[in-house]
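Now for the letters of each chain:
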Amino acid sequence: MGELKHRSLITAQERLRDQVAHQLRAALVAGELRPGSVYSAPGLAADFGVSATPVREAMLDLAREGLVEPVRNKGFRITEVSERDLDQYTEIRALIEVPVVGLVTRTAGRAELEALRPAALEIVAAARAHDLIGYLEADRRFHLELLGLGGNDRLVETVGDLRKRSRLYGLTRLDERDQLLPSAEEHGELLDVMLTGDAEAAESCMARHLGHVRSLWAGDGDEPLVPRLHLPGVRRA
């Protein structure tokens, strides 16, 4: 009986860690945790109303994803992503994803492609609802499941890692400027092209989509793509 109780407590702790990690990712996406800044686990824990342990564990999860880096005796620094980083991540993704889309267009069945339709619709719905985390989660699922139809699991893992490292710090600003919906609708357009069986057109569509996403990251050049938002109570170390 004692063992079962102990196991239940561990499960609850893991769920709490996952909840904190989800909220931290949301703050990262919104730009409320700013690149280059250091945040302490106790300070963030006070804001979440939990102990420092699940926050520290969640931060370690984010560190493994390349989103933050530990700073000895201080906390965690939000990883900065430079324009050069974004260019290189986008280039690698294009080298991988564009030809794979062509391959999948030629080899996947209609039912397999149509199975991606719900995710494409979720992306658009999330953009319209200004649900930024929902947008990213549906976008990630669409792209990785699409690549998965190519049959190379290691390739999917590689792109998944690149996506984590090139997350949108300025997503909230893009949403406020009504720039997310056009990008969201491109997923359905890509799917429609793939369903025609035209691999070359599908590759061109994917290349344009990745280029569009990169241009959104760049912003309009008048200021850095970091929104001026504030997460009430979040404390910097």
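Residues numbered from 1 in each chain as written. Predicted model: local features only at pLDDT ≥ 70, side-chain atom pairs only at ≥ 80, totals over all residues. Heavy atoms only, no water.

Trainee: Explain the environment of Leu-210 residue by residue, including any values.
Mentor: Position of Leu-210 among the secondary structure elements: in helix α11 (residues 199-218). Excluding its chain neighbours within four sequence positions, the residues that come into contact with Leu-210 are Thr-90, Arg-93, Ala-94, Glu-97 and Val-98. (Helix = DSSP H or I, 4+ residues; strand = E, 2+ residues; numbered from the N terminus. Contact = heavy atoms within 4.5 Å.)

Trainee: How would you explain the sheet that holds strand β1 (residues 38-39) if you had to name every residue and give the values?
Mentor: Strand order in the open sheet made by the three strands is β1-β3-β2, with antiparallel pairing throughout. With one partner strand each, in any of the chains shown, β1 and β2 (68-71) form the two edges of the open sheet. In the sheet, β1 pairs with strand β3 (residues 75-78) via two bridges, with the strands oriented antiparallel. By the bridge assignment for β3, Val-38 is matched with Arg-77. Sheet strands in contact with helix α3 (residues 52-64) are β2 and β3, and its direction is about 125 degrees off that of β2. (Pairing = 2+ DSSP bridges. Axes fitted to C-alpha atoms, helices over the stretch in contact; angles between N-to-C directions.)

Trainee: Please provide a residue-by-residue account of the confidence of the model for the chain, values included.
Mentor: Of all residues in the chain, 81% have pLDDT values of 70 or greater, and the mean over the chain is 81. Least confident of the elements in the chain is helix α1 (residues 2-30), whose mean pLDDT is 66; most confident is helix α5 (residues 110-114), at 97. This stretch, residues 1-10, has a pLDDT under 50; its non-local contacts, to residues over four places away or in other chains, come to zero contacts. Low pLDDT (under 50) marks residues 220-237, which in the prediction has 48 contacts with non-local residues, meaning those over four places away or in another chain. (pLDDT = per-residue confidence, 0-100.)

Trainee: How would you summarise the nonpolar core if you had to cite specific residues and measurements?
Mentor: Counting 37 residues, the largest nonpolar core has Phe-142, Leu-146, Leu-190 and Met-194 as the members making the most contacts within it. When contributions to this core are tallied by element, the ones reaching two or more residues are α4 (83-107), α6 (117-128), α7 (132-148), α8 (153-165), α10 (180-195) and α11. Broken down by element, the residue count for this core peaks at eight residues, all from α7. Ignoring any residue separated from it by four or fewer positions in sequence, one finds Phe-142 in contact with Leu-116, Ala-119, Ala-120, Ile-123, His-187, Leu-190 and Leu-191. Val-20, Met-59, Leu-62 and Ile-78 belong to the second-largest nonpolar core, a separate cluster that totals 18 residues. (Core = buried A, V, L, I, M, F, W, Y, C linked by side-chain atoms within 4.5 Å. Buried < 20%, exposed > 50% of the residue type's maximum accessible area, 1.4 Å probe, protein only.)

Trainee: A description of the environment of Ala-119 should follow, citing residues and the corresponding values.
Mentor: Along the chain, the position of Ala-119 falls in helix α6. Along the primary structure Ala-119 and Tyr-135 are separated by 16 residues, whereas in three dimensions their C-alpha atoms are 9.8 Å apart. Excluding anything up to four places from it in sequence, Ala-119 contacts Ala-138, Arg-141 and Phe-142.

Trainee: Can you tell me about unusual backbone geometry, naming the residues and giving the values?
Mentor: Phi angles above zero are rare outside glycine, and Asn-73 is one such case at about 65 degrees. By the element assignment, Asn-73 lies in the loop between β2 and β3. Look at Asn-73 and you get exposed, because its relative accessible area is 77%. Located in the positive-phi region is His-130, a residue other than glycine, with phi close to 60 degrees.

Trainee: Can you tell me about α10, naming the residues and giving the values?
Mentor: The end-to-end C-alpha distance of α10, which contains 16 residues, comes to 24 Å, matching closely the 22 Å that a straight helix rising 1.5 Å per residue would cover. Among the residues of α10, those classed as buried are Leu-180, Ser-183, Ala-184, Glu-186, His-187, Gly-188, Leu-190, Leu-191, Met-194 and Leu-195. Just downstream of α10, Gly-197 is the residue with a positive phi angle, here 85 degrees. (Expected span 1.5 Å × (residues − 1).)

Trainee: Report on the packing of α6 against α7, specifying residues and quantitative values.
Mentor: Between α6 and α7, the least distance of the axes is 8 Å, while the angle of their chain directions is 160 degrees. As judged from the angle between their axes, α6 and α7 are roughly antiparallel. Our pair here, α6 against α7, has a crossing hand that is left-handed. Counting all contacts with α6, which are made through Ala-119, Ala-120, Glu-122, Ile-123, Ala-126 and Ala-127, the residues of α7 involved are Gly-134, Tyr-135, Ala-138, Asp-139, Arg-141 and Phe-142. Taken together, the residues that form the contact of α6 with α7 break down as eight nonpolar, one polar and three charged. (Parallel < 35°, antiparallel > 145°, perpendicular 65-115°, else oblique. Left-handed = near helix turned anticlockwise from the far one by under 90°. Nonpolar A, V, L, I, M, F, W, Y, C, P; charged D, E, K, R; others polar.)

Trainee: Quick rundown of α3? Include the residues and the values.
Mentor: With 13 residues, α3 should cover 18 Å at 1.5 Å per step; its first-to-last C-alpha distance of 18 Å lies within 8% of that length. Residues of α3 that are buried include every one of Pro-54, Val-55, Ala-58, Met-59, Asp-61 and Leu-62, and no others. Buried residues of α3, seen end-on, are gathered within an arc of 155 degrees and therefore sit on one face of the element. (Arc of directions from axis to C-beta.)

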